[in-house]
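Architecture and fold: a report
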Amino acid sequence: MAADRQGHTLIDEKLAARAGIFSAVMFTIILVGQSMMHPEYSQVSELIGALGSYSNGWIQVVSTAVTGAAMFVFALGLCMTPLKGFGSRAGPVLLAVAAVGVILSGLFPSQRISSDYAITPGHAAGAMIAFLVQPAGLILCSLAFFRSAVFRKAALKVLSAGLVTAALSITLILYAVPEDGSLHAYQGLIQRLIVLLWLMAVICISGRLLDVSRRSAVPA
């Protein structure tokens, strides 16, 4: 547990919750705004990372990296909560790893080549880490949530998000991203569904973290 010299956690529940909500809201707003700025961009057939190769793509690049950093803070704060049992530490740690993947995908954006774009190795590696590790993190966290009176309300929602994003991530990687994949024309749509469920789970958990923070602030 990261703590200062007075024994207080450096990343408390309130900071973690704010980081989680910030990451979800900021990424969504910028993604929608960037998509609207480029009418030639297809939200159904093109991946989110492709926006980094369009004009003003640096906005999406910075947004992705900052989102990953905020999610990392969120995951560390979740790791410091008094959750117990299977998944109580492994879940948040995996979410932190997924956040690192998001940061990497932002730092190594796709490159524009003529009228098309190419996914760089760094971007591909970061995206693979994020989309494959994140579902496992959510599932493990949900198992710990079922044992917590405070987090129990979020358990089923987070578990459902983890299971669905796991199935969608495998589908995306195997059948949508490959150019000859049967679902290639819908890769952008599938990725957006994954991101939507992921961010909704983050906001749901953040709400529980704020509840923990409020309870801890009430004098005994």
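The sections below set out a description of the structure shown in this document. Quantities reported herein were computed from a predicted structural model and do not represent experimental measurements.

Parameters at a glance
- Residues numbered from 1 in each chain as written.
- Predicted model: local features only at pLDDT ≥ 70, side-chain atom pairs only at ≥ 80, totals over all residues.
- Heavy atoms only, no water.
- Helix = DSSP H or I, 4+ residues; strand = E, 2+ residues; numbered from the N terminus.
- Rg over C-alpha atoms; globule rule 2.2 N^0.38 Å.
- Buried < 20%, exposed > 50% of the residue type's maximum accessible area, 1.4 Å probe, protein only.
- Contact = heavy atoms within 4.5 Å.
- Areas by Shrake-Rupley, 256 points an atom, 1.4 Å probe, with all protein chains shown as cover.
- 1 Å grid on protein atoms, 1.4 Å probe; cavity = no way out; pocket = protein on both sides within 12 Å on 5 of 7 lines; lining within 4 Å.
- Points joined across faces, edges and corners; volume = space filled by probe spheres on them.
- Expected span 1.5 Å × (residues − 1).
- Disulfide = S-S within 2.5 Å.
- Phe/Tyr/Trp six-rings, centres within 6.5 Å; stacked < 30°, edge-to-face > 60°.
- Lys, Arg positive; Asp, Glu negative; His and termini not counted.
- Salt bridge = Lys/Arg side-chain N within 4 Å of Asp/Glu carboxyl O.
- Core = buried A, V, L, I, M, F, W, Y, C linked by side-chain atoms within 4.5 Å.

Looking only at helices and strands, one finds six helices and two strands in the chain. By the compact-globule yardstick of 17 Å for 220 residues, the chain fits well, its C-alpha radius of gyration being 18 Å. Its C-alpha atoms give the chain principal-axis dimensions of roughly 65 × 30 × 25 Å. Classification of the 220 residues of the chain by burial places 48% in the buried group. Pairs at least 24 residues apart make up 68% of the contacts formed inside the chain by residues separated by at least 6 positions. Accessible surface, the chain: about 10800 Å² in total, of which carbon and sulfur atoms supply 70%.

Right, let's get into the layout of surface pockets. Approximately 560 Å³ is the volume found for the largest pocket. Around the largest pocket, the lining comprises 31 residues; the ones closest to its centre are Ser105, His123, Ala127, Phe131 and Gln191. For the lining of the largest pocket, the secondary-structure elements that each account for two or more residues are helix 2 (57–79), helix 3 (90–107), helix 4 (121–145), helix 5 (152–176) and helix 6 (187–217). At six residues, the largest contribution of residues to the lining of the largest pocket is made by helix 4.

Let us look at helix 3. The end-to-end C-alpha separation of helix 3 is 26 Å, in line with the 26 Å expected for 18 residues at 1.5 Å each. Within the sequence span of helix 3, burial applies to Gly91, Pro92, Leu95, Ala96, Ala98, Ala99, Gly101, Val102, Ser105 and Gly106.

As a further point, take the state of the cysteines. Counted according to the given criterion, the structure contains zero disulfides. The thiol sulfur of Cys79 is not disulfide-bonded, and the nearest other cysteine sulfur, from Cys141, lies at 9.0 Å.

Glancing now at the environment of Ala167. Positionally, Ala167 belongs in helix 5. By relative accessible area, which is 45% here, Ala167 ends up partly exposed. Separated by 45 residues in sequence, Ala167 and Val212 have C-alpha atoms that sit 31 Å apart.

Within this structure, the stated rule accounts for three aromatic pairs. Look at Phe131 and Trp198: their rings are 6.3 Å apart centre to centre, the planes differ by 75 degrees, and that puts the pair in the edge-to-face class. Taken as a pair, Phe131 in helix 4 and Trp198 in helix 6 lie far apart in primary sequence, 67 residues in all. Look at Trp198 and you get buried, because its relative accessible area is 6%. An angle of 15 degrees between the planes, with centres 4.9 Å apart, marks the rings of Phe145 and Phe151 as stacked. Residue Phe151 is classed as buried on the basis of its relative accessible area of 3%.

Now for the side chain of Glu13. Note on placement: Glu13 falls in helix 1 (residues 13–37). Arg89 provides the closest opposite charge to the buried, salt-bridge-free Glu13, at an N-O distance of 9.2 Å. Look past the residues within four positions of Glu13 in its chain and what remains in contact with it is Thr81, Pro82, Leu209, Val212 and Ser213.

Let's shift gears to the nonpolar core. If you look at the biggest cluster of nonpolar residues, it comprises 50 residues, and the most contacted ones within it are Leu78, Phe145, Phe151, Ile205 and Leu209. When contributions to this core are tallied by element, the ones reaching two or more residues are helix 1, helix 2, helix 3, helix 4, helix 5 and helix 6. The element that contributes the greatest number of residues to this core is helix 6, accounting for eleven residues. When near neighbours in sequence (up to four residues on either side) are disregarded, Phe145 contacts Leu78, Leu83, Phe151, Arg152, Ala154, Ala155, Val158 and Ile205.

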